[in-house]
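# Structural features, examined
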Amino acid sequence: MPVERKRSSSSVERAFEFLDIVAAQTRGVTLTDLARTTELPVSTCHRYVATLVDLGALNKSSNGRLTLGVRIVTLAQSALEKNTLRNLARPHLEELAARSGETVHLGLHSPHGVVYVDKIDSEKAVRLVSRIGSVVPHYCTAMGKAILATLPPDQRQPLIENSTTILTPHTLTGPALINELETVARQRWAIDEQENEEGVRCIGAAISSSTGELLGALSISGPATRFTRDLCLDIASDVVTAADAIGHTTSLSGTHE
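All values reported here derive from a predicted model rather than from experimental measurement.

To continue, consider the side chain of Lys119. Within the secondary structure layout, Lys119 lies in strand β4 (residues 113-120). Separated by 3.0 Å, the side chains of Lys119 and Asp121 make a polar contact. A polar contact of 2.8 Å, which involves the side chain of Lys119, links it to the backbone oxygen of Ser130. Aside from chain neighbours lying at most four places away, what touches Lys119 is Arg90, Thr103, Val104, His105, Leu128, Ser130 and Ile132.

Written out as structure tokens, the structure is:
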């Protein structure tokens, strides 16, 4: 039997590694920073950077610092505008935001965490700091736990095994997390009890198509002093209903992007 070859390009993987490194730094990075982080020769980094700058994926300032280029902004905006789930979910997110008075997020599942693709800010004085494009962990967020609870064991287990970082005194890991996910699977909603960020409470639910395909998740978040657990429980059925409605609408559209 022939050995199946890995269908990937090391050059493409390396280019995305560079973009990830640059994106993680708000003030940009230098060529020396890239060489040190990637453990590659400066000459090799220079070749990659030169190509990415020519393509508009990176921008090089007069002082040599590298930031993400306009090409990335254009591609990201196009991806958001054409994302079917985001477009169909928007009315439901607005309804949840109006009903709860708190911040609502829509997220997509990725191997690295949950990616925010839409957000409706609370109109109240104290708001949450988050942005579209941010990636948050699975194991300690409401959306993430809701997603983990819907995944088959072979896909869920690696994500749980890597979930060992204690972010707050409330973060669940190990058997406690597994027990929590069993509860989430039964009730179909998850609460983040200040597990990702102290002082912030969230409730979320996974969004699936009519055939059971995982599409993403949504959540409502607010300051823990204002968005109490009782308020979360009061709105839990609304969160699940909205997730089901989005999944149903997406299924009818014929696209699950």
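Before going further, it helps to examine the state of the cysteines. In this structure the tally under the stated criterion is zero disulfides. Cys202 provides the cysteine sulfur closest to Cys232, a residue in no disulfide bond, and the two sulfurs are 7.8 Å apart.

The subject of this paragraph is unusual backbone geometry. Outside of glycine, negative phi angles account for most residues, and trans bonds account for most peptide bonds. Backbone geometry places Glu39, a non-glycine residue, at a positive phi of 60 degrees. Looking at where Glu39 falls in the secondary structure, it is placed in the loop between α2 (31-38) and α3 (42-55). Taking relative accessible area as the criterion, Glu39 reaches 72% and is therefore assigned exposed. The phi dihedral of Arg188 is positive, around 75 degrees, even though this residue is not glycine.

Turning next to the pairing of strand β6 (residues 190-193). Pairing of β6 with strand β7 (residues 200-208) involves four bridges; the strand directions are antiparallel. Within the sheet, the bridge partner assigned to Ala190 lies in β7 and is Gly204. Following β6, the chain reverses through six residues before pairing antiparallel with β7; Gln194 in that reversal takes a positive phi of roughly 60 degrees.

Okay, the environment of Thr241 next. Counting through the fold element by element, Thr241 comes out in helix α9 (residues 229-253). Along the primary structure Thr241 and His170 are separated by 71 residues, whereas in three dimensions their C-alpha atoms are 28 Å apart. A polar atom in the side chain of Thr241 sits 2.8 Å from the backbone oxygen of Ser237.

Here we come to the packing of helix α1 (residues 10-23) against α2. Two packed helices can be described by the angle between their axes and the distance between those axes. The interhelical angle for the contact between α1 and α2, taken along N-to-C directions, is 115 degrees, at an axis separation of 11 Å. The handedness of the crossing between α1 and α2 comes out as right-handed. Here Arg14, Glu17, Phe18, Ile21 and Val22 of α1 lie close against α2, whose contacting residues are Leu34, Thr37 and Thr38. Residues that form the contact of α1 with α2 fall into these classes: four nonpolar, two polar and two charged.

With that settled, the discussion passes to the packing of aromatic side chains. A ring pair, where both rings are aromatic, is described by two values, the distance of the centres and the angle of the planes. Enumeration according to the criterion identifies one aromatic pair in this entry. An angle of 45 degrees between the planes, with centres 5.3 Å apart, marks the rings of Phe18 and Tyr48 as tilted. With a gap of 30 residues between them, Phe18 in helix α1 and Tyr48 in helix α3 connect regions that are remote in the sequence. Residue class for Tyr48 comes out partly exposed when judged on its relative accessible area of 22%.

Moving on, we come to the packing of α1 against α3. Packing of α1 against α3 brings their axes to within 11 Å, and their N-to-C directions diverge by 80 degrees. When the interaxial angle is binned, α1 and α3 end up roughly perpendicular. Each of Ser11, Arg14, Ala15 and Phe18 in α1 lies in contact with α3, whose residues at this interface are Cys45, Tyr48, Val49 and Leu52. Along the lines of polarity and charge, the residues of the contact of α1 with α3 split into six nonpolar, one polar and one charged.

Criteria and cut-off values
Residues numbered from 1 in each chain as written. Predicted model: local features only at pLDDT ≥ 70, side-chain atom pairs only at ≥ 80, totals over all residues. Heavy atoms only, no water. Helix = DSSP H or I, 4+ residues; strand = E, 2+ residues; numbered from the N terminus. Polar contact = N/O pair within 3.5 Å; in protein donor to acceptor, adjacent residues only side chain to side chain. Contact = heavy atoms within 4.5 Å. Disulfide = S-S within 2.5 Å. Buried < 20%, exposed > 50% of the residue type's maximum accessible area, 1.4 Å probe, protein only. Pairing = 2+ DSSP bridges. Axes fitted to C-alpha atoms, helices over the stretch in contact; angles between N-to-C directions. Left-handed = near helix turned anticlockwise from the far one by under 90°. Nonpolar A, V, L, I, M, F, W, Y, C, P; charged D, E, K, R; others polar. Phe/Tyr/Trp six-rings, centres within 6.5 Å; stacked < 30°, edge-to-face > 60°. Parallel < 35°, antiparallel > 145°, perpendicular 65-115°, else oblique.

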